[in-house]
Amino acid sequence: MSVTQAATVPRGPTGGDVLVRVMRRHGIDTAFGVISIHNLPLVEAVDRELNFVAVRHEAAAVNAADAYARASGKIGIALTSTGTGAGNAAGSMVEALTAGSRVLHITGQIDSEFMGSNRGVIHEVPRQLQMLHAVSGYARTIFNGKDAEADLEEAIAHLLSSPHTPASIEWPTDLQYLAHPDDQRPIDAQVKPLPDYDADSVAEAVRLLAGAKRPLIWAGGGAAGADKELAALLHHLGAGLLTSNSGRGVVPEDDHLVIGNFATTPAAVRLIEESDVLLSVGTHFRSNETQHYSLKLPATHIQLDLNPEAVGRVYPATVGLVGDSREILEALVGQLGSHSVDAEWPQRVLDVRLEVRATLTEYIGGYAEICHSLRERLDRESVVARDVTIPSSQWGNRLLEMYSRETNIFPLGGGIGQGLAMGIGAACARPDVPTVVIAGDGGLAVHLGELASLAGSGVWCVVLVFNDGGYGVLRNMQKANGFAEAGVNLHTPDFALLAQSLNLPFWRVRGPGSFDGALVEALAVRGPAVIEIDVTALDPVPGAFVPPVHIPTPHQ
């Protein structure tokens, strides 16, 4: 038999068909990955039966799966090779772990008979499972082809249990070929039930909220899934809503009671000082969102969190509410009677909402028209995937309104270079509306290869490249703290030529009034497109953005 003839002989079912069956059972139609000799059966089956999105780097596969999960509410699947491939994915798994994202990372492993032998089998790596444990909330090895389906379901049960963390499965190559769908053992995986909340603590929280005259709520990522309940409580109380970056969009940001991710601005700091009760919902009070923990909160603080260890960890809690945010917020709304705040409080909240936005709009100069154009032209359900760059950190994370948390996708762990792959994953999750990626030239260069992935995917995604010739945010930080410029002025590609080489529609904009038209044309492509913005031509010149990172001095 010739090689050509052999290639046409159909193969029987494999572990890839087991994976497809599991994916279908959970309504998952897409997986992201890099094909390898150690995952061929998995990729072949997903590509044949569902949708396999090929990317160029394993880190991008996990980032895309992560964003797919956040934007769709489903589970994101990433397929990688063993050894170096799994190692490449580890950094992005840290992002998924930080964000509490439901990512199932399936990596290959060498043939089961050689595992642990240290004989130098290709792609063999010692202690791979320990590495996966370090970057996942759950990790295990498939040791028997008949266990594959049950093992996958156990990992998914973990993903569906709260609090959410990513899971990793390593699957020896031989067992990928030998796992037959008809030979699988029964599934016994169970999703962990949510803990019951303490009724007495809820009653005490109701008592404190009922007496509040100047209430505030601070929502973090732990408020996800409780959008209706949070909005109901917010309006029942007449409170103002502050958010972390991760909590943005749980209540739509065009709501007049939403102040948003502005807690450290002077106007919001004054409002917090005037408040008499704060209810925090699922937030870590991260250092960059609390002036490195120096922000003062009201003396009466009701803290709601699924993790009991989080209560009082950063700020003292008068009452701790441990459990699911949706259930507890629903209980608070149900038990609160009629309530009235100080007569001037709603207007005070609105005034701060308007002031912080007006102040930032003026400060960002020429960026303001870009921010306005994006909100004007994008659908309310469009994802804005943001890399770590000045436009994101300065105004994309605050001023650009979000109307649902699922559209607010950014690297929670702060890693640069992840935005493009996140945009690809989000666009696959929401194909009927455009996705926009906000990236800098430095961050985009981390994974330039994913521009080819974008072009090949055909998804409706417009990449905005804000080009300042390097790492502008670190330049600003060096300048503000007396450092010489070092490592920040990069050799930057010609993005027009790069886009042309990939057959990507491209626009370069310079100066006022030039962005909106380019955005309209790029969105009309209804596919991949790139717009480069020359940051040096912005007019008015934006105020400098220096990240809120604590720099110790000798006297501290």
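The text that follows walks through the structure, step by step, so that each part is easy to find. (Residues numbered from 1 in each chain as written. Predicted model: local features only at pLDDT ≥ 70, side-chain atom pairs only at ≥ 80, totals over all residues. Heavy atoms only, no water.)

When you line up the elements, serine 392 lands in helix α15 (residues 390-396). Not counting the four nearest positions on each side in its chain, serine 392 is found in contact with Arg386, Asp387, Asn397 and Ile438. (Helix = DSSP H or I, 4+ residues; strand = E, 2+ residues; numbered from the N terminus. Contact = heavy atoms within 4.5 Å.)

Topologically, aspartate 17 is positioned in helix α2 (residues 15-25). Accessibility expressed as a relative area gives 17% for aspartate 17, which makes it buried. Side-chain polar atoms of aspartate 17 contact the backbone nitrogen of threonine 14, separated by 2.9 Å. With residues near it in sequence (within four places) discarded, aspartate 17 still touches Ala45, Arg48 and Pro181. (Buried < 20%, exposed > 50% of the residue type's maximum accessible area, 1.4 Å probe, protein only. Polar contact = N/O pair within 3.5 Å; in protein donor to acceptor, adjacent residues only side chain to side chain.)

Right, let's get into the sheet that holds strand β10 (residues 277-281). On the basis of which strands lie adjacent, the open sheet formed by six strands has the order β9-β8-β7-β10-β11-β12 and parallel pairing. The open sheet has two free edges, formed respectively by β9 (258-260) and β12 (319-322), since each of these has just one partner strand. If you compare each strand with its neighbour and ignore which way they point, the axes differ by 20° on average. Two elements, strand β7 (residues 215-219) and strand β8 (residues 240-243), share four bridges in a ladder whose sense is parallel. Opposite tryptophan 218, over in β8, you have leucine 242 as the bridge partner. With respect to the sheet, helix α9 (residues 199-210) is in contact with β10, β11 (300-305) and β12, its orientation differing from that of β12 by roughly 130°. Sitting on the sheet, helix α10 (residues 227-237) touches β7, β8 and β10, and the angle it makes with β7 is about 165°. (Pairing = 2+ DSSP bridges. Axes fitted to C-alpha atoms, helices over the stretch in contact; angles between N-to-C directions.)

Take α9 next. In an α-helix, one full turn covers 3.6 residues, which means residues spaced three or four apart are oriented alike. In a regular helix each residue adds 1.5 Å, so 12 residues correspond to 16 Å; α9 covers 16 Å between its end C-alpha atoms and thus fits that length. In the core, the buried residues of α9 are packed alongside α10, β10, β11, β12 and α12 (325-335). (Expected span 1.5 Å × (residues − 1).)

Right, let's talk about the nonpolar core for a bit. Ile217, Leu332, Leu374, Trp395, Leu464 and Ile531 are the most contacted members of the largest nonpolar core, which totals 86 residues. With sequence-adjacent residues up to four places away left out, leucine 464 is seen in contact with Leu374, Val436, Val437, Ile438, Ala439, Phe515, Ile531 and Ile533. Of all hydrophobic cores here, the second largest spans 42 residues; its members include Ala64, Ala421, Met422 and Cys428. (Core = buried A, V, L, I, M, F, W, Y, C linked by side-chain atoms within 4.5 Å.)

Taking burial as the measure, the six residues of strand β6 (residues 167-172) include six buried ones, the bulk of the element. Burial along β6 is two-sided: Ala167, Ile169 and Trp171 and Ser168, Glu170 and Pro172, pointing in opposite directions, are all buried. Bridge count for strand β4 (residues 103-109) against β6 is six bridges, and the pairing is parallel. By the bridge assignment for β6, isoleucine 106 is matched with isoleucine 169. Looking at chain direction, strand β5 (residues 138-141) and β6 are connected through four bridges and run parallel. Counterpart to tyrosine 138 in the pairing with β6 is alanine 167. Read as a crossover between parallel neighbours, the route from β5 over helix α7 (residues 148-160) to β6 is right-handed. (Right-handed = clockwise from strand over helix to strand, strands pointing away.)

Further remarks concern the packing of helix α14 (residues 367-377) against helix α21 (residues 515-524). At a minimum axis distance of 9 Å, the contact between α14 and α21 shows a crossing angle of 30°. Taken together, the axis directions place α14 and α21 in an arrangement best described as roughly parallel. In the packing of α14 onto α21, the handedness of the crossing is right-handed. Touching Glu369, Ile370, Ser373, Leu374 and Arg377 of α14 are Phe515, Asp516, Leu519, Val520 and Leu523, all from α21. Class assignment for the residues of the contact of α14 with α21 results in six nonpolar, one polar and three charged. (Parallel < 35°, antiparallel > 145°, perpendicular 65-115°, else oblique. Left-handed = near helix turned anticlockwise from the far one by under 90°. Nonpolar A, V, L, I, M, F, W, Y, C, P; charged D, E, K, R; others polar.)

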